[in-house]
Amino acid sequence: MGAARRMLRHSAALGALIGGIAIVSYAKSQPVLAKERGNGAVDSLRDRMAAVNWTVPPRLVQEALLRGTSPASPLDLLVVGGGATGCGVALDAAARGLRVGLVERDDFASGTSSRSTKLIHGGVRYLEKAVFQLDYKQLNLVFHALDERAQLIQNAPHLCHSLPTMTPCYQWWEIPYYWAGLKLYDIVAGRQMLHLSRYHSAKESFEFFPTLAKTAGDGKTLKGTVVYYDGQMDDARVNVSLACTAALAGAAVLNHAEATAIIKDESTGQVVGARVRDNLSGRDFDVHAKVVVNAGGPFVDELRRFADKESKPMIAPSSGVHVVLPDYYSPESMGLIVPKTKDGRVVFMLPWLGRTVAGTTDSISPITMLPEPKEEEIQFILDAISDYVCVKVRRSDVMSAWSGIRPLASDPSANGDTSSISRDHVICVEPHGMVTITGGKWTTYRSMAQDAVDAAIKSGNLSPTNGCVTRDLPLIGGEGYDPSCFAIIAQQYVRMKRTYGGKIIPGAMDTAAAKHLASAYGGMAHRVALIAQNEGLGKRLAHGYPYLEAEVAYCARNEYCESAVDFIARRSRLAFLDTDAANQALPRVIEILAEEHKWDKHRKKLEISKAKAFLETFKSSKNAQFFDGKHKMVR
């Protein structure tokens, strides 16, 4: 009953805050002007997306554009880092008419941005803190994130959607507590609310979530549930779409290109570019820019030390571990979140791309390029969810498991005060002119990018042709997307498949494949379907998954897919969904990429080796190591 007493103790504060929120939310919910028409930058980009035969500039062209810079002809902006924030900065700046380059040492979304919870959310926990601590800064974070949630779903509707999430109540006092808190979440969202939260009885709850436990691990029986709505996305594909949209807007984006040193003006000491190594060819070259934006996520301190060895660290890294389980653990369209488990942590189970993702809150982590989940972290998640589902939770059901590092940011001028660590983003304009942005969360990447570009324009005295236009700017695939387009794809295309004997035979473009193409590529899905039909690449890459051979060719031509890992991890999500399926698909993925990129035998062997090593970091039941004596090693 401690939580109940706490709820009553804070009821006065809650009432006062609800009143203030209602006033602000009413103002936010009033009708707004229609989207701006006649904006040259937006209209031009929309026209390019709508063109039948548009293509992003080839990688060699992008590299040549970066190589072509000089002290006399620099870029306006060089962005280092190809995650959500970095690609968002590149798109924002290019759409303002600035001359922009971006380099990423691995692939777009290869770090934190592909390893998120896949949620687009305002932050229910932040709202709880705002209420009980009377913290208006936390409240403003929720307001802002909910607004950005709506914009992201609007701009990439094929990759983002609303998701109902169930909060189970095993004590009577939890029903009014969670109901009131989630109704407050609705109020804060205002006109950006996805759907109304609602209460369901225990009987209704089992109808919506059949595997929900009637009795929790501590013996308490289910009293009811409260369902609320947030957004969900395919994070890596949103990131790749950002990079490609930036390229279409005029930015020179280059993945697998690493900033190895910072270039400074000898007379002023200002940062004026970076030394870059193309990790595919091994070639080094200089990129000159008026402003360098450091968007390296957990690695921003590394680039800051390139510019100033004495710079104080900004990053307090934390990791979030996720496991993927079969689809029968959760319904197709309902998630589950337990705000407080036995040890006080949050645990969730969410349906995602035909499987179930389970995870928990952050823990302290070292910074590494390929973080791996620890077996005890995986086991904690399995033990935690076993208290709330009626099926036996087995370690052998884990199809993939991964860890992502979140770059919690602190102000470097705060003299080591840990209270300066923020859940909001931090922008630091260094004395030598480099602009660093870090922190924040996926949901607010667009506004983070906007703030970073604003800071860069001020720092470098740049001259954009227009202001920020990304609020209503669709990403590639979002323009022309309609939820029913999968039916047209199923009707108009066939999958021409090559048999083992080399014969091409027709196959139906079944509903599962058509829905997958529509949700992954949006308005561009017909292009992939056309490759499947016209080039005999309509075969599935792995049994039980809708990914087609045609996608490999499409991504190599249109999405800067330069390696096998690029495809299995970030153009498709096989590595995150099922390491066995990813291994099964590898030979054919490499075969198609080799044909597209003209690889020799040595490169193909290297790709196999790198991909298998990468998949070993995803601790599925087949590659996990057990030392507790409770589990049998499966080989």
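Engineer: Which parts of the structure should I look at to understand the overall build of the chain?
Structural biologist: In terms of regular secondary structure, the chain is built from 21 helices and 20 strands. The buried share of the chain, taken over its 635 residues, is 57%. Long-range pairs, those at least 24 residues apart, make up 73% of the contacts in the chain with a sequence separation of at least 6. Total accessible area on the chain is roughly 26400 Å²; 54% of this is exposed by carbon and sulfur atoms.

Engineer: How do you make sense of the packing of aromatic side chains when you look at a structure like this?
Structural biologist: In this description, an aromatic ring pair is defined by two values, namely the gap between the centres and the angle between the planes. All chains considered together, the criterion is met by 12 aromatic pairs. Between Y521 and Y554, the ring centres sit 5.4 Å apart and the planes meet at 85 degrees, which makes this aromatic pair edge-to-face. Remark: Y554 occurs in helix α17 (residues 549-558) and Y521 occurs in helix α15 (residues 511-521); sequence separation between them is 33 residues. Considered together, Y521 and Y554 belong to a single accessibility category, that of buried residues.

Engineer: Got a minute to help me understand the confidence of the model for the chain in this structure?
Structural biologist: Do not read the fine detail of predicted coordinates wherever pLDDT is low. Summary statistics for the chain give a mean pLDDT of 89 and a share of 89% for residues scoring 70 or more. Low confidence marks residues 3-37, where pLDDT is under 50. Its contacts with residues over four positions away, or in another chain, come to 33 contacts. In the predicted structure, residues 416-420 sits below a pLDDT of 50 and forms 4 contacts with residues beyond four places in sequence or in another chain.

Engineer: When you look at the pattern of salt bridges in this model, what are you seeing that I'm missing?
Structural biologist: It is possible for side chains of opposite charge to pair when their charged atoms get near one another. Inspection of every chain in the model, using the stated rule, returns 34 salt bridges. Overlapping salt bridges bring together R59, E63, R67, D278 and R283 as one network.

Engineer: Any chance you could explain unusual backbone geometry here in plain terms?
Structural biologist: Across the chain, the bulk of peptide bonds are trans and the bulk of non-glycine residues have phi less than zero. Although it is not a glycine, K118 sits at a positive phi angle of roughly 70 degrees. Positionally, K118 belongs in the loop between β2 (100-104) and β3 (119-120). Overall, the relative accessible area of 0% leaves K118 in the buried class. Look at L134: it is not a glycine, yet its phi comes out positive at around 45 degrees. With respect to the element layout, L134 can be found in the loop between α6 (124-132) and α7 (136-155). In this structure L134 comes out as partly exposed when scored by relative accessible area, which is 45%.

Engineer: Just to check I follow, could you spell out the environment of L141 for this structure?
Structural biologist: Examined against the element boundaries, L141 turns out to sit in helix α7. In this structure, the C-alpha to C-alpha distance between L141 and G122, residues 19 residues apart in sequence, is 7.7 Å.

Engineer: Mind showing me how you'd approach helix α12 (residues 375-386) here?
Structural biologist: Think of an α-helix as 3.6 residues a turn; residues three or four steps apart then line up on the same face. The end-to-end C-alpha distance of α12 is 16 Å, a good match for the 16 Å that 12 residues give at a rise of 1.5 Å each. Restricting attention to buried positions, one finds in α12 the residues E377, I378, F380, I381, L382, A384 and I385. Those residues of α12 hidden inside the fold are in contact with β11 (315-325), β13 (347-352), β14 (355-360), β15 (363-364) and β16 (400-409).

Engineer: Any chance you could explain the pairing of β11 here in plain terms?
Structural biologist: Judged by how many residues are buried, β11 sits mostly within the fold: 10 of 11 residues are covered. As defined by bridge partners, β11 adjoins β16 across 10 bridges and the pair is classed as antiparallel. Residue pairing across strands places H322 opposite W402, the latter belonging to β16. Bridging between β11 and β14 involves 4 bridges; their strand directions are antiparallel. When the bridges of β14 are listed, V324 appears paired with V357.

The rules behind these values
- Residues numbered from 1 in each chain as written.
- Predicted model: local features only at pLDDT ≥ 70, side-chain atom pairs only at ≥ 80, totals over all residues.
- Heavy atoms only, no water.
- Helix = DSSP H or I, 4+ residues; strand = E, 2+ residues; numbered from the N terminus.
- Buried < 20%, exposed > 50% of the residue type's maximum accessible area, 1.4 Å probe, protein only.
- Contact = heavy atoms within 4.5 Å.
- Areas by Shrake-Rupley, 256 points an atom, 1.4 Å probe, with all protein chains shown as cover.
- Phe/Tyr/Trp six-rings, centres within 6.5 Å; stacked < 30°, edge-to-face > 60°.
- pLDDT = per-residue confidence, 0-100.
- Salt bridge = Lys/Arg side-chain N within 4 Å of Asp/Glu carboxyl O.
- Expected span 1.5 Å × (residues − 1).
- Pairing = 2+ DSSP bridges.

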